[in-house]
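Results of the structural survey
What follows is the residue order along each chain.
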Amino acid sequence: MTAIVVALTPEFADWECALLMAVARSYLGVTVKTATGDGSPVTSMGGLNVTPDLSFAQVRPEDFDALVVPGGLAWENKRVPADLHDLVRSFRDKNKMAAGICAAASMLAGAGVLNDVKHTGNRVASHQEYPGYSGEKLYVDGPKAVSADGVVTAAGTAPFTFTVEILKGLGLWDATAQEELLPFSAEHR
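All of these numbers come straight from a predicted model, not from anything done at the bench.

**Concerning the nonpolar core**
In this structure, Ile-4, Val-68, Phe-162, Ile-166 and Leu-167 are the most contacted members of the largest nonpolar core, which totals 33 residues. The set of elements that each furnish at least two residues to this core consists of β1 (3-7), α1 (15-28), β6 (66-69), β7 (97-101), β9 (151-154), α5 (159-169) and α6 (175-181). With six residues, the top contributor of residues to this core is α1. Non-local contacts of Val-68, meaning those with residues more than four positions away in its chain, are made with Ile-4, Val-5, Val-6, Ala-7, Leu-20, Ala-99, Phe-162 and Ile-166.

**Brief notes about the packing of α1 against α5**
For the pair α1 and α5, the least separation of the axes is 8 Å and the interaxial angle reads 40°. Comparing their axes, α5 and α1 come out oblique. Between α1 and α5 lies a crossing whose hand is right-handed. In contact with Trp-15, Glu-16, Leu-19, Leu-20, Val-23 and Leu-28 of α1, α5 contributes Pro-159, Phe-160, Phe-162, Thr-163, Ile-166 and Leu-167.

**Section: the pairing of β1**
When you tally the buried positions in β1, you get five out of five residues, the bulk of the element. Residues of β1 alternate between two faces, with Ala-3, Val-5 and Ala-7 on one and Ile-4 and Val-6 on the opposite face, all of them buried. In terms of strand pairing, β1 meets strand β2 (residues 31-36) through five bridges, oriented parallel. Pairing of Val-5 across the sheet is with Lys-33, part of β2. Tracing the backbone out of β1, into α1 and back to the parallel element β2 gives a crossover that is right-handed. Where β1 lies against β6, three bridges are found, and the strand directions are parallel.

**A few points about the packing of helix α2 (residues 84-93) against helix α3 (residues 103-110)**
α3 packs onto α2 with a crossing angle of 75° between their chain directions and a minimal axis gap of 9 Å. Comparing the axis directions of α2 and α3 gives the class roughly perpendicular. In contact with Leu-84, His-85, Val-88 and Arg-89 of α2, α3 contributes Met-107, Leu-108 and Gly-110. Each residue belonging to the contact of α2 with α3 can be placed in one class, and the counts come to four nonpolar, two polar and one charged.

The rules we used
Residues numbered from 1 in each chain as written. Predicted model: local features only at pLDDT ≥ 70, side-chain atom pairs only at ≥ 80, totals over all residues. Heavy atoms only, no water. Core = buried A, V, L, I, M, F, W, Y, C linked by side-chain atoms within 4.5 Å. Buried < 20%, exposed > 50% of the residue type's maximum accessible area, 1.4 Å probe, protein only. Helix = DSSP H or I, 4+ residues; strand = E, 2+ residues; numbered from the N terminus. Contact = heavy atoms within 4.5 Å. Axes fitted to C-alpha atoms, helices over the stretch in contact; angles between N-to-C directions. Parallel < 35°, antiparallel > 145°, perpendicular 65-115°, else oblique. Left-handed = near helix turned anticlockwise from the far one by under 90°. Pairing = 2+ DSSP bridges. Right-handed = clockwise from strand over helix to strand, strands pointing away. Nonpolar A, V, L, I, M, F, W, Y, C, P; charged D, E, K, R; others polar.

Spelled out as structure tokens, the structure:
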């Protein structure tokens, strides 16, 4: 069975991961777990209080197919757990998917995992704030999520295509996923 862990930070952007979590868990039978830096509850930007299943230290890439990180205010407010970069790198070292949206896409840049793959985010300048980033030539400036070699990135305005690309990358883009998700794109056609 496919398993996804969603790494939550204080004041995470709840809408950026909600669609993925709901469709994956409720319609596709995916195991979805949440983790925070120290395993303590966090509150989202929208006021959603989440008690996580795990701490980052308890997350083992061997137990999951993907690590998904929503953006949020933690980066602006300097409240990002120090070991998040290590967690991302541990997934990539095991050839597991790493996905980041909004500020979390820039966090992937800081972890060094965007230097050799096509990627996107809110803007390339946000990625360039991280000294470990050297992938400017592979940055795709567009409104949709980008998936390349097990890394999925998106601007904060693209939670729908972020969800689709993650499901495609995990081999879960089937008739059920399409039936549940495609209506969400109707207003953009």
